[in-house]
Amino acid sequence: MIVGLIGAVIVLEFSTPPDYVMGYLYISPILIANSQLSRTSTFGFTLAAAILTLINIWIPNYEIIQASMVVNRLVTIFALVVTAILCDRNRQTQQILVQQQAKLQAQEKIMNVREDFASTLVHDLKTPLLGAIEILQAFDREQFGTIDTKQKTVVNMMIRSHQNSLQLVETLLDVYRYEIEGLQLQLEPINLAILAEDVATSLLSLSTSRRVYLNLNYGESDFRKFLWVNGDAFQLRRVFTNLLTNAINHSPRGAKVELVLETQFSHQIVQVIDVGAGLKSDEQPYLFERFYQGQSDRLATGSGLGLYLTRQIIEAHSGTIWAENRHPQGAIFGFRLPALPYSSHNIT
């Protein structure tokens, strides 16, 4: 097809006087060559078209060469070259798009496989963990016979260990799910003060076993404050649980962990303060990264997922989270959420 088209253009060009430039008709063969043949063939056709367009000044009949004839053919050759270059760039762009699309499809397949793997893994691990926890709790309730104090202590340690493993498995699944689907929030008016008190109460057994004292502080006031936000109660509960558990686990025995709740104009501020090992300055920018485990004592023992998931939840609520050292010892983990206007909720 291309050869026949070029032949027709050549016959038409060389059968007309040199005053008439037919070289523009070579554009069609160049476009077809670019879509069907290689880059070398396309530029070969372009070079041949340029040469044929130029020698048509002398062939088939020699005439006096005028400047206008040369200029017209040079302009035609320039147009043919530009057409070939643009066609080549378009070809390269199309190839890049195809490659990118193939990569995206491959990544999507990998993400689907990863999600399926994570879901299957969590399901396969949760079942035996839940079964083991139930059995250990039955032993703790002495349903299978009386156990002494030392045995009870060991059983409780095993229960906590299995519960921590279960929480890690569920957190891992949540991290992968949120990255793929995004964090879906069920927003409603939430009083952070009540939520914080509930979480602190649920962690009393952990703090007691660690001999760590939990203290709720309402800033400059000695009375409970109302810290209303528009949030997801389940997800914000996880934030409080992660931060308080982290502080309790990294506090020395006999120490105090403070949960400070404050209102600051358009924002509600929560800070968890401990007197454990501090944070290294070079590690602070990476504390909330996925799977990050620093070199300090308080970071090296974690999974690197709790703080990452906490950051995701806070940012999904249009808030900010930070960590800093507390002087002379300890660390502060805090977050800030937009306050819900007083008229947007009812206080009962």
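The paragraphs below set out a description of the structure included in this document. (Residues numbered from 1 in each chain as written. Predicted model: local features only at pLDDT ≥ 70, side-chain atom pairs only at ≥ 80, totals over all residues. Heavy atoms only, no water.)

Attention now goes to the overall build of the protein. Helix and strand counts for the protein come out as 10 helices and 7 strands. Across the 348 residues of the protein, 37% fall into the buried class. Contacts spanning at least 24 positions in sequence make up 70% of the contacts within the protein whose residues lie at least 6 apart. Carbon together with sulfur atoms contributes 58% to the accessible area of the protein, which is approximately 20,100 Å² in total. (Helix = DSSP H or I, 4+ residues; strand = E, 2+ residues; numbered from the N terminus. Buried < 20%, exposed > 50% of the residue type's maximum accessible area, 1.4 Å probe, protein only. Contact = heavy atoms within 4.5 Å. Areas by Shrake-Rupley, 256 points an atom, 1.4 Å probe, with all protein chains shown as cover.)

For the rest of this paragraph, the subject is the sheet that holds strand 5 (residues 267-274). Each strand in a sheet pairs with its neighbour through backbone hydrogen bonds, running either in the same direction (parallel) or in the opposite one (antiparallel). Pairing is mixed in the open sheet, where 5 strands are placed in the order 2-4-5-7-6. Two strands in the sheet have a free side with no partner beyond their single neighbour: strand 2 (213-217) and strand 6 (320-325). Sheet twist, expressed as the mean angle between neighbouring strand axes with direction ignored, is 15°. Of the strand pairs in this sheet, strand 6 and strand 7 (residues 331-338) are connected by 6 bridges, and their pairing is antiparallel. Bridge assignment links alanine 323 to a residue of strand 7, and that residue is phenylalanine 333. (Pairing = 2+ DSSP bridges. Axes fitted to C-alpha atoms, helices over the stretch in contact; angles between N-to-C directions.)

Relative to the helices and strands, arginine 238 resides in helix 8 (residues 233-249). Arginine 238 has contacts with Thr171, Asp174, Tyr178, Leu309 and Ile313, leaving out every residue within four places of it along the chain.

This part covers the packing of helix 6 (residues 192-202) against helix 8. Each pair of packed helices gets described by two things: the angle between the helix axes and the distance between those axes. Running from amino to carboxyl end, helix 6 crosses helix 8 at an angle of 55°, the nearest separation of the two axes being 10 Å. Put simply, helix 6 runs oblique to helix 8. The handedness of the crossing between helix 6 and helix 8 is right-handed. Only Ala233, Leu236, Arg237, Phe240, Thr241 and Leu244 of helix 8 make contact with helix 6, whose side of the interface consists of Leu192, Leu195, Ala196, Asp198, Val199 and Ala200. Classifying every residue of the contact of helix 6 with helix 8 by side-chain character gives 9 nonpolar, 1 polar and 2 charged. (Parallel < 35°, antiparallel > 145°, perpendicular 65-115°, else oblique. Left-handed = near helix turned anticlockwise from the far one by under 90°. Nonpolar A, V, L, I, M, F, W, Y, C, P; charged D, E, K, R; others polar.)

Turning next to the nonpolar core. In terms of nonpolar packing, the biggest core is built from 44 residues, with Phe240, Leu261, Phe333 and Phe335 touching the most fellow members. Contributions of two or more residues to this core are made by helix 5 (149-181), helix 6, helix 8, strand 4 (256-264), strand 5, helix 10 (306-316), strand 6 and strand 7. With 7 residues, helix 8 is the single largest residue contributor to this core. Apart from the residues lying within four places of it in its own chain, the contact partners of phenylalanine 240 are Leu192, Leu195, Ala196, Val199, Leu259, Leu261, Val270 and Phe335. Membership of the second largest hydrophobic core comes to 6 residues, among which are Tyr26, Ile30, Leu52 and Leu80. (Core = buried A, V, L, I, M, F, W, Y, C linked by side-chain atoms within 4.5 Å.)

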